[in-house]
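# Topology and contacts: notes
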Amino acid sequence: MITRFNVEARYSDMAVFNGVAYLAGQIADDLTQDAEGQTREVLGMIDRLLVQANSDKSRILMAQIYLADLADYDGMNTAWDDWVKDISGHAPPRATVQALLAGVEYKVEIVVTAAQK
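No experiment lies behind these values; they were computed from the predicted model shown. (Residues numbered from 1 in each chain as written. Predicted model: local features only at pLDDT ≥ 70, side-chain atom pairs only at ≥ 80, totals over all residues. Heavy atoms only, no water.)

On to the sheet that holds strand S2 (residues 14-17). Read from one edge of the open sheet, six strands run S1-S2-S3-S6-S4-S5, paired in mixed fashion. Because the sheet does not close on itself, it has two edges, and the strands there are strand S1 (3-5) and strand S5 (94-98). Taking each pair of neighbouring strands and ignoring which way they run, the sheet shows an average axis angle of 15°. Of the pairings in the sheet, the one linking strand S4 (residues 60-67) to strand S6 (residues 108-115) comprises seven bridges and is antiparallel in character. Residue pairing in the sheet places Tyr66 in a bridge with Glu109 of S6. Along the sheet face, helix H1 (residues 35-52) touches S1, S2, strand S3 (20-23), S4 and S6 and points at about 25° away from the line of S6. (Pairing = 2+ DSSP bridges. Helix = DSSP H or I, 4+ residues; strand = E, 2+ residues; numbered from the N terminus. Axes fitted to C-alpha atoms, helices over the stretch in contact; angles between N-to-C directions. Contact = heavy atoms within 4.5 Å.)

With that settled, the discussion passes to the packing of H1 against helix H2 (residues 73-84). Angle between the axes and distance between the axes are the two parameters that describe a pair of packed helices. Interhelical geometry of H1 versus H2 gives an angle of 35° and a closest axis separation of 7 Å. The two elements H1 and H2 meet at a crossing, and its hand is right-handed. On H2, the residues that touch Glu36, Thr39, Arg40, Leu43, Ile46 and Asp47 of H1 are Gly75, Met76, Thr78, Ala79, Trp80, Asp82 and Trp83. Partitioned by chemical class, the residues of the contact of H1 with H2 number six nonpolar, three polar and four charged. (Left-handed = near helix turned anticlockwise from the far one by under 90°. Nonpolar A, V, L, I, M, F, W, Y, C, P; charged D, E, K, R; others polar.)

Here you go:
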């Protein structure tokens, strides 16, 4: 059975199937923030979704990070490093690429796949 969370007409925030949570790309609500701030907000959103899926960041199988500008790489990494420091030994595999995001105010979008507990 597939369970979907926060279903809207166009997409869901997350689907869970066969013990794996698939998150949609998460973007910040407060788009006035710099890349580090947007990343921190997005990571908090990911934490909350993973709790709903009976998972957590130590169970992430893959993270895909999309940056509108690679000049924001260091700021994004500052927030990321703070986020993963408490799961030492469980930092997830990740890819980071520059991408044209859906709006000019978006600085970062993160997609996560995680195993349930």
